[in-house]
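Structure at a glance
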Amino acid sequence: MSTAAPTRRVRITAGTLAGQHGTVVRTSTDPHGPYAVRLDSDPRAEPGSYWPHEIADLTPNAMLVTATGESRRLTLPTDTDPLRAAAATHLGGRAVFNAHAVHCPHGAVFGLAVRADSADLAVNDYAQIILDTLGGEVRPELLRGPVLFAGPEGDDGRSTGLTDRQLGALERLLQVLLPMLGAPAGG
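In this report, we go over the structure that sits alongside the text. All values derive from a computational prediction rather than experimental measurement.

Cut-offs and rules
Residues numbered from 1 in each chain as written. Predicted model: local features only at pLDDT ≥ 70, side-chain atom pairs only at ≥ 80, totals over all residues. Heavy atoms only, no water. Helix = DSSP H or I, 4+ residues; strand = E, 2+ residues; numbered from the N terminus. Buried < 20%, exposed > 50% of the residue type's maximum accessible area, 1.4 Å probe, protein only. Contact = heavy atoms within 4.5 Å. Areas by Shrake-Rupley, 256 points an atom, 1.4 Å probe, with all protein chains shown as cover. Expected span 1.5 Å × (residues − 1). Patch = residues over 30% accessible without salt bridge, like charges linked within 9 Å, V, L, I, M, F, W, Y side chains within 5 Å. Salt bridge = Lys/Arg side-chain N within 4 Å of Asp/Glu carboxyl O. Core = buried A, V, L, I, M, F, W, Y, C linked by side-chain atoms within 4.5 Å. Pairing = 2+ DSSP bridges. Axes fitted to C-alpha atoms, helices over the stretch in contact; angles between N-to-C directions. Parallel < 35°, antiparallel > 145°, perpendicular 65-115°, else oblique. Left-handed = near helix turned anticlockwise from the far one by under 90°. Nonpolar A, V, L, I, M, F, W, Y, C, P; charged D, E, K, R; others polar.

Attention shifts here to the overall build of the protein. Secondary structure summary: the protein contains three helices and 12 strands in total. Across the 187 residues in the protein, those meeting the buried criterion constitute 41%. Across the protein, the fraction of contacts at a sequence separation of at least 24, relative to all contacts at a separation of at least 6, is 49%. Of the roughly 10200 Å² of accessible surface on the protein, a fraction of 53% belongs to carbon and sulfur atoms.

Structure, rendered in C-alpha cells:
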C-alpha cells in the first residue's frame, strides 16, 4: 500500500540512471520501503521504483519573482530540455533564457528566464530593480510578467543553479522592496 507524497525533488544516486532528476510521486507506507519517482527526462513514462538509499533530495536552485513581488524558491532540472519545460510551466508560457544575464560587479552570475510573449504583461518592478541593482546598470528593456532567476549555463551546457546564499540574497532584496513599492499600479 502507498500514500500520496508531497512534491519532493530528488536525484537518483545509484544504478544506470544515476544523476537523473525526478519527482517522488508515491511513497511506501513502510518508512524503509521504495519510492515511486517520475524522471524529468521521461515524464510520460511510468515512475521507477527507488529505495531511500538510491535517491538524494535536491535543494532549491531558482527563484520565481512575480510582478506583485511574490517569490517562490524552485527546484528545477539542470538538463536543457526538462529545464525549459519546467520554466515554461512556472512562467505560464514559452521561456526565453539569459536574455538579461547578470554579471554582478562582485563576480556572481545570474541567468534569467522570461516569457517569450511578455510584451503585454505588467512590468515587474521587483525583478527589474533586482536586475538593475545586481547588474550595476539600468537596462532599457523592462522585465515584464513573472521572472525566473536561475544559474547560468555551465561549461557542460547544464544550468548551474543558484546557491542557497544567492537565493537568500534575492529574498532579502525583495523584503526591502516590498514595503517601498507596495502593490503595482493596476495590479
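Next, the rest of the story.
Right, let's get into the environment of Phe 110. Along the polypeptide, Phe 110 turns up in strand β11 (residues 109-115). With 50 residues separating them in the primary sequence, Phe 110 and Thr 160 have C-alpha atoms 9.7 Å apart.

A few words now on helix α3 (residues 164-181). Spanning 18 residues, α3 covers 25 Å between terminal C-alpha atoms, matching the ideal 26 Å at 1.5 Å per step. Gln 166, Leu 167, Gly 168, Leu 170, Leu 174 and Leu 177 are the residues of α3 that are buried. Just downstream of α3 lies Gly 182, where phi reads positive at about 60°.

This next bit is on a nonpolar patch on the surface. A cluster of nonpolar side chains, Ile 129, Val 176, Met 180 and Leu 181, forms an exposed patch at the surface whose accessible area comes to about 350 Å². Of the residues forming the nonpolar patch, the biggest block, three residues, is contributed by α3. Tracing the backbone shows Ile 129 in helix α2 (residues 125-135). Residue classification places Ile 129 among the partly exposed positions, given a relative accessible area of 31%.

The next thing to look at is the nonpolar core. Val 65, Ile 130, Leu 143, Val 147, Phe 149 and Leu 170 are the most contacted members of the largest nonpolar core, which totals 18 residues. Counting residues per element, the ones that place at least two in this core are β7 (62-65), β11, α2, β12 (147-150) and α3. In terms of residue count, the dominant contributor to this core is α2 (five residues). Within the second largest apolar cluster, 13 residues are counted, among which are Ala 62, Ala 95, Phe 97 and Leu 148.

The next point concerns the pairing of strand β3 (residues 21-28). Taken together, the three bridges between strand β2 (residues 9-12) and β3 define a ladder with antiparallel strand orientation. Following the sheet pairing, Arg 9 is matched in β3 by Thr 23. In terms of strand pairing, β3 meets strand β4 (residues 35-39) through five bridges, oriented antiparallel. Within β4, the residue paired with Gly 22 across the bridge is Leu 39. From the end of β3 to the start of β4, which pair antiparallel, there are six residues.

Direction vectors running N to C along α2 and α3 enclose 125°, while the axes themselves pass 10 Å from each other. As far as their axial angle goes, α3 and α2 are oblique. Crossing handedness for the pair α2 and α3: right-handed. For the pair α2 and α3, the contacting residues are Asp 125, Tyr 126, Ile 129, Ile 130 and Leu 134 in the first and Leu 170, Leu 173, Leu 174, Leu 177, Leu 178 and Leu 181 in the second. Broken down by class, the residue content of the contact of α2 with α3 amounts to 10 nonpolar, no polar and one charged.

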